[in-house]
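Observations on the model geometry
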Amino acid sequence: MARAPEVVVPAPQFANPAPLGLLGYGMSTVLLSLANANVFALGTMVLAMAVLFGGVAQLVVATMAFRRNDTFGVTAFGGYAFLWLTFAFLLIGQQHNWWPVANSGNAMGWYLFMWAVFSLGLCVASFAAPRFLTWVLALTVILRALLAGPRAASGSGWGAETHGRMLEPGSPSTATR
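The numbering scheme is per chain: residues are counted from 1 as the chain's sequence reads. The predicted origin of the model limits local features to residues at a pLDDT of at least 70 and limits the giving and counting of side-chain atom pairs to 80 or more, whereas totals for whole chains, interfaces and linings rest on all residues. Working from all heavy atoms in the structure, the side-chain values ignore hydrogens and water.

1. Overview of the nonpolar core
Heads up, the condition is: Here the nonpolar core consists of buried residues drawn from Ala, Val, Leu, Ile, Met, Phe, Trp, Tyr and Cys, with membership extended through side-chain atoms lying within 4.5 Å. Exposure is judged per residue with a 1.4 Å probe applied to protein chains only, and the accessible area is read against the type maximum: over 50% gives exposed, under 20% gives buried, and values in between give partly exposed. Secondary structure follows DSSP: runs of H or I at least 4 residues long count as helices, runs of E at least 2 residues long count as strands, and numbering of each begins at the N terminus. Note on contacts: a residue pair qualifies if any of its non-hydrogen atoms lie within 4.5 Å across the two residues.
In terms of nonpolar packing, the biggest core is built from 26 residues, with Trp84 and Phe87 touching the most fellow members. Where this core is concerned, the elements lending two or more residues are α1 (18-36), α2 (44-67), α3 (71-95), α4 (105-125) and α5 (131-154). In terms of residues, this core owes the most to one element, α3, which gives 7 residues. Residues in contact with tryptophan 84, not counting those within four places in the same chain, are Tyr25, Ser28, Thr29, Leu32, Ala50, Gly54, Gly55, Gln58 and Arg144.

Right under this line is the structure:
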């Protein structure tokens, strides 16, 4: 019996989502860093950017990377999407009394430290990728460690001291719930 000829259907081509993901991560990180440097208060502008461009847009990028069979892209952009979404969720929830206990600066320091560990894992995994990606991830590890260190050690920053007023990074811890 003769076999029917095999029809090869070309896989759909998708644009590379990485530039959008890098923009979402980079712009959100720069705004948070400027707020951390007290250039302006950590408020709704930074949180909106974190949720929409840092979180949702990177989640879309991770989905697109999945369709391209890009495991590293899914892990990196998906992970950082959830960094921004959880960070905003923690701060917004604290502002609206959703949590029975406010975040301490120490807890936020450890939260950021865990993301530094995540970034370090991605940095090591990127050694097979273009060097630019490795440098970006290495700088991300340094940034996350610098954000986490003082908070974990001193218990200051983005924690209980922000409860009940607009989020102000770096103010001394004055209240706990």
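2. Remarks on the packing of α1 against α2
Our working definition: Helix axes are fitted to C-alpha atoms over the stretch in contact, other axes to C-alpha atoms as well, and angles between N-to-C directions run from 0 to 180 degrees. Put simply, angles under 35 degrees are roughly parallel, angles over 145 are roughly antiparallel, angles from 65 to 115 are roughly perpendicular, and the rest are oblique. In a left-handed crossing the near helix is turned counterclockwise from the far helix by less than a right angle, and in a right-handed crossing that turn is clockwise. Amino acids outside the nonpolar list (Ala, Val, Leu, Ile, Met, Phe, Trp, Tyr, Cys, Pro) and the charged list (Asp, Glu, Lys, Arg) are all regarded as polar, and Gly is one of them.
It is the contact of α1 with α2, at a shortest axis distance of 9 Å, that shows an interaxial angle of 160 degrees. Put simply, α1 runs roughly antiparallel to α2. Here α1 and α2 pass one another in a crossing that is left-handed. Contact residues: α1 offers Leu20, Gly21, Leu23, Gly24, Tyr25, Met27, Ser28, Leu31, Leu32 and Ala35, while α2 offers Met45, Val46, Met49, Ala50, Phe53, Gly54, Gln58 and Val61. The residue inventory of the contact of α1 with α2, partitioned by class, reads 13 nonpolar, 5 polar and no charged.

3. As for a nonpolar patch on the surface
Definition in use: A patch is a set of surface residues, each over 30% in relative accessible area and not in a salt bridge, joined within 9 Å for like charges and within 5 Å for the nonpolar side chains Val, Leu, Ile, Met, Phe, Trp and Tyr. Only the protein chains shown count as cover for residues, and the accessible areas themselves come from Shrake-Rupley with a 1.4 Å probe. Every case where a carboxyl oxygen of Asp or Glu lies within 4 Å of a side-chain nitrogen of Lys or Arg is listed as a salt bridge.
On the surface, a cluster of nonpolar side chains totalling about 320 Å² of accessible area is made up of Leu52, Val56, Val60 and Met64. Along the chain, leucine 52 turns up in helix α2. Among the residues examined, leucine 52 registers a relative accessible area of 55% and is labelled exposed.

4. What about the side chain of serine 119?
Relative to the helices and strands, serine 119 resides in helix α4. We classify serine 119 as buried; its relative accessible area is 0%. Setting aside chain neighbours within four positions, we find serine 119 in contact with Tyr80, Leu137, Thr140, Val141 and Arg144.

5. Here's the deal with the packing of aromatic side chains
Filter applied, for reference: Here is the rule: rings of Phe, Tyr and Trp (six-membered ring for Trp) pair when centre to centre is within 6.5 Å. Planes less than 30 degrees apart are stacked, more than 60 are edge-to-face, and the remainder are tilted.
Evaluated as defined, the whole model comprises 9 aromatic pairs. Arranged with centres 4.5 Å apart and planes meeting at 40 degrees, the rings of tyrosine 25 and tyrosine 80 form a pair that is tilted. Here tyrosine 80 lies in helix α3 and tyrosine 25 lies in helix α1, a separation of 55 residues in the sequence. Across this residue pair, the class does not change: tyrosine 25 and tyrosine 80 are buried. Here the aromatic rings of phenylalanine 87 and tyrosine 111 are separated by 6.5 Å at their centres, their planes lie at 20 degrees, and the arrangement is stacked.

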